[in-house]
Amino acid sequence: MPKILWLVSITLPQAAAAVGLASDQVGGGWLAGMLDALAPQLRLIVASVDARAKTPLSGEKDGVRFAVLPAADCFDGLLAGEAPDLVHIWGTEYAAAAAMQQAAARRGLPVLVGMQGVMSDCAAHLCDGVPQPYLHSGPLQRAIDRVVPGALLDRMQRQFDALAQSEAALLANARHVTGRTGFDRRAVAALAPHARYYPCNETLRPAFWQAAGSWRAREFGRAPVILMSQGNYPLKNLHTALLALPALLRRWPGAVLRVAGWPPLDKGPLLRPVIRILFPYQTWCARLIAQNGLTGHVQYTGPLQAAEMRQAYLDADLFLLPSYSENSPNSLGEAMLLGLPCVASRVGGVPDVTGGGAGAVLYGPAGDADALAAAAASVLELPDHGAALGKKASALARAQHDPAANAARMLCIYGQVLQAEQEAGHD
């Protein structure tokens, strides 16, 4: 049984519990699904870097060892102590990923790099559709932001550009890469032309797999609820959804767009001017809501745990994913798995995830509000409320996100990487 060390970008709730830290994550995301499926079949160590850990922490939970480290300079000691057969780096853009790749190279350990998003594409489309005045901060904004960090879009753009550069550097040194769509495969071919690519789908959170196909259409005559999973930065394209909503309200006057996540920050009238200049995207979205008469038709849920998010899908009539860039979005997979009818922008890996559009209505370009409204209306007007579309979506998602099949595939990939490294003479 091989010994595999994972590096992940967050401290999973299981890791926090194992080492005695409070969990600051809403959930483990799709990593939790793959972890649950693989844990019985591997000797598995899951590592993360967390500033709350002042010294290296370790613990065990459900047969998995967890290591939570204060900094990436602890990786050499971790690898020496654990002596894994293979290092699997989940994600490409965070600083610890490159540090782990280098530490593993120093010890001659094989490394498998896992694609999440494609950061070069995310950076290229981060602020699409946002008016110029919101994109550039002035001296006063930057001075306040240094003391009380906000969400200035030019700073966010620099951060995304840096993440894209980090991803490119990591992939340039990668020999083995796993991904799940034609979109990320093309990115790997461009950024890591000498690497071997291994396809493997995601395993979604157990809360969603256990409820697969459980969405049910509700009665006619009730105003529709449209759900988005987030809208806190422009890549997710809440602004185009807001521009499309008036057309839907003319057909369904009581319709609601529900956004899973925090509402725009409001600390009262004295701080409102400061918040407006520190959070330009949220400020613009709030203005779009006011200018288009959408007050009361846009609701924010606050952050949701897995069971709460599952219920939010089940309470909705339509899931909307209007993003400018996506690879294999977890939210779309979860909605499809439950059988909720979906409308999504035709970008990145979305066509692959939806079976070329068989499991969702796709529209484009992502920033076309009229096309978005027409796509949403085409589902909401269906005589069966989209039940047949949701049934197709659920069947596709069950096949793509099957825990046993994906775990078996990942085990096969680990074996192929180890064999390839042995044949190539990498010790």
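First, a word on scope: everything that follows refers to the structure included in this document. (Residues numbered from 1 in each chain as written. Predicted model: local features only at pLDDT ≥ 70, side-chain atom pairs only at ≥ 80, totals over all residues. Heavy atoms only, no water.)

Below, the discussion takes up the environment of P253. By the element assignment, P253 lies in the loop between α11 (238-251) and β10 (256-259). Given the relative accessible area of 60%, P253 is considered exposed. When the C-alpha atoms of P253 and H297 are compared, they prove to be 9.2 Å apart, with 44 residues separating the residues in sequence. (Helix = DSSP H or I, 4+ residues; strand = E, 2+ residues; numbered from the N terminus. Buried < 20%, exposed > 50% of the residue type's maximum accessible area, 1.4 Å probe, protein only.)

The six strands are arranged β11-β10-β9-β12-β13-β14 in an open sheet whose pairing can be described as parallel. Of all strands in the sheet, those bounded by a partner on one side alone are β11 (298-300) and β14 (361-363). Taken over all neighbouring pairs, the strand axes of this sheet differ in orientation by 25° on average, direction set aside. Pairing of strand β9 (residues 225-228) with strand β12 (residues 318-321), which is carried by two bridges, proceeds in the parallel orientation. By the bridge assignment, I226 is partnered in β12 with L318. (Pairing = 2+ DSSP bridges. Axes fitted to C-alpha atoms, helices over the stretch in contact; angles between N-to-C directions.)

Right, let's talk about the sheet that holds strand β7 (residues 176-179) for a bit. Taken together, eight strands build an open sheet; the order of strands is β3-β4-β2-β1-β5-β6-β7-β8 and the sheet is mixed. In the strand order of this sheet, the two ends are held by β3 (57-61) and β8 (196-199), each with one partner. Shown here is a sheet whose adjacent strand axes are inclined to one another by a mean of 25°, direction ignored. Across the face of the sheet, helix α19 (residues 403-424) comes into contact with β1 (3-7), β5 (86-90), β6 (111-114), β7 and β8 while running at roughly 165° to β8. (Contact = heavy atoms within 4.5 Å.)

Below, the discussion takes up the pattern of salt bridges. Within the structure shown, the criterion is met by 13 salt bridges. In this structure, R155 and D145 form a salt bridge, with 2.8 Å as the shortest nitrogen-oxygen distance. Placement of R155 in helix α8 (residues 153-172) and of D145 in helix α7 (residues 139-147) is noted, with a sequence separation of 10 residues between them. Here R180 ties to E202 by a salt bridge, and the two come within 3.2 Å at their closest N and O atoms. Taken together, the positions of R180 in the loop between β7 and α9 (182-191) and E202 in the loop between β8 and α10 (206-209) put the pair 22 residues apart, joining distant regions of the chain. Look at E202 and you get buried, because its relative accessible area is 2%. The network of salt bridges with shared partners includes K3, R65 and E82. (Salt bridge = Lys/Arg side-chain N within 4 Å of Asp/Glu carboxyl O.)

Our focus in this paragraph is the packing of α11 against helix α17 (residues 369-380). Relative orientation of the contacting elements α11 and α17 amounts to 55°, with a least axis distance of 8 Å. Relative to α17, α11 is oriented oblique. Remark: the crossing between α11 and α17 carries right-handed chirality. Judged by residue contacts, T240, A241, L243, A244, A247 and L248 of α11 engage A369, L372, A373, A376 and A377 from α17. Taken together, the residues of the contact of α11 with α17 sort by class into 10 nonpolar, one polar and no charged. (Parallel < 35°, antiparallel > 145°, perpendicular 65-115°, else oblique. Left-handed = near helix turned anticlockwise from the far one by under 90°. Nonpolar A, V, L, I, M, F, W, Y, C, P; charged D, E, K, R; others polar.)

A few words on helix α14 (residues 306-315). Every buried residue of α14 is listed here: A306, M309, A312 and Y313. Along the axis of α14, the buried residues cluster in a sector spanning 120°; they form a single face. Tucked into the core, α14 has its buried residues touching α10, β9, β12 and α15 (330-338). (Arc of directions from axis to C-beta.)

This paragraph deals with the side chain of S325. Structurally, the position occupied by S325 is in the loop between β12 and α15. According to the relative accessible area criterion, S325 is buried, its value standing at 3%. Non-local contacts of S325, meaning those with residues more than four positions away in its chain, are made with D121, C122, F183, L235 and V347.

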